[in-house]
Amino acid sequence: MKFFDAGQHAEGFIAIGQEARGVIAIGQEATGVFALGQMALGFIAIGQLARGVFVVGQLAVGVVAVGQLSLGIFGSVGMLAIAGRWVKGLGFAIWPKPKADTELPEAITLMQVENGESGYVPVEVQYPECMLLYQGLPLDAELSQSVRSEAKALVDKGWDRALVSLEPKERADERDAAGYRRAPLKSQYLEGSKLVGVAPAAWRLPGFWWKTSARVVGIAALATGWFFATGLPLWEEFFAAKTGLLFTP
């Protein structure tokens, strides 16, 4: 292989020409590890029509693609972008990365609250009554209106687990007072002021299985299209036994 070649049909480590084929190729039709041209095919390709692994072009097809119209197996950026995992710009990801789970407060037991601590206790939200259960039994606590509203919202979403903020409190019981000289007795109770939903496992959500099947088919179709349009031509250009640029006898 020549180190440098230029001309109508250029082939070398560095190739510049109308048809350029090399490790670094620049031309109208460029094929290389790094390819720059109107039609570029390479591991890194930049061109009007760019195909490869990392590509930039008006029409870009790659593993990670950036372009006006871009198709990427993993990621894609463009005015119209389609990708397997993530997109930037207008478009959609076939199998988007899951959103990070909201950090939940640390949970404590109901016994700890009854012993004077304040904190979040894990509960079950019963459908359809929106009742809060602790270890299968109704939670004995005075719940704020916001807790009741949030419990209904969780039931409507199909969630059945939550953390409720409980605080031990006490109040005077005037009914037990016997005359003005005796102080009224105080009774203790638990007050629930806030409810935080705990998202169920993904496989328990409605439509999980058919959505997963559709995503698998979509990713497979995208990967197959990339293989025949880009992967196979790249292999033939660089690694074929007799004609490969990198393994030419």
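Above this text is the structure in question.
Structural notes, computed from the coordinates.

Quick look at the overall build of the protein now. Helices and strands together make up the secondary structure of the protein, namely three helices and eight strands. Reading the protein from its N terminus to its C terminus gives the helix and strand order β-β-α-β-β-β-β-α-β-β-α. Residues counted as buried form 33% of the 249 residues belonging to the protein. Summarising the internal contacts of the protein: among those between residues at least 6 apart in sequence, 33% fall at separations of at least 24. Working note: accessible area of the protein is about 15,300 Å², and carbon and sulfur atoms make up 61% of it.

The next thing to look at is the side chain of S70. Within the secondary structure, S70 is located in strand β1 (residues 4-83). Assessed through its relative accessible area of 0%, S70 is described here as buried. Polar contacts involving the side chain of S70 include one to the side chain of S76, which spans 2.5 Å. A distance of 3.1 Å separates a polar atom in the side chain of S70 from the backbone oxygen of V77. Beyond its immediate stretch of four places on either side in the chain, S70 contacts A60, A65, S76, V77, G78, L80, A81 and I82.

This brings us to unusual backbone geometry. Residues Y127 and P128 are joined by a peptide bond in cis, for which omega reads 0°. One can find P128 in the loop between β3 (119-125) and β4 (132-134). Positive phi, normally seen in glycine, also occurs at C130, with a value near 65°. Locating C130 in the fold gives a position in the loop between β3 and β4. Notably, Q135 is not glycine yet its phi reads approximately 50°, a positive angle. Its location among the elements puts Q135 in the loop between β4 and β5 (137-138). The exposure class assigned to Q135 is exposed, which follows from its relative accessible area of 72%.

At F227, helix α3 (residues 208-239) shows its maximal kink, close to 50°. Every buried residue of α3 is listed here: T212, L222, W226, T230, G231, L234 and F238. Its buried side turned inward, α3 meets β1.

Rules used in this analysis
- Residues numbered from 1 in each chain as written.
- Predicted model: local features only at pLDDT ≥ 70, side-chain atom pairs only at ≥ 80, totals over all residues.
- Heavy atoms only, no water.
- Helix = DSSP H or I, 4+ residues; strand = E, 2+ residues; numbered from the N terminus.
- Buried < 20%, exposed > 50% of the residue type's maximum accessible area, 1.4 Å probe, protein only.
- Contact = heavy atoms within 4.5 Å.
- Areas by Shrake-Rupley, 256 points an atom, 1.4 Å probe, with all protein chains shown as cover.
- Polar contact = N/O pair within 3.5 Å; in protein donor to acceptor, adjacent residues only side chain to side chain.
- Bend = angle between axes of the 7 residues up to and from the residue.

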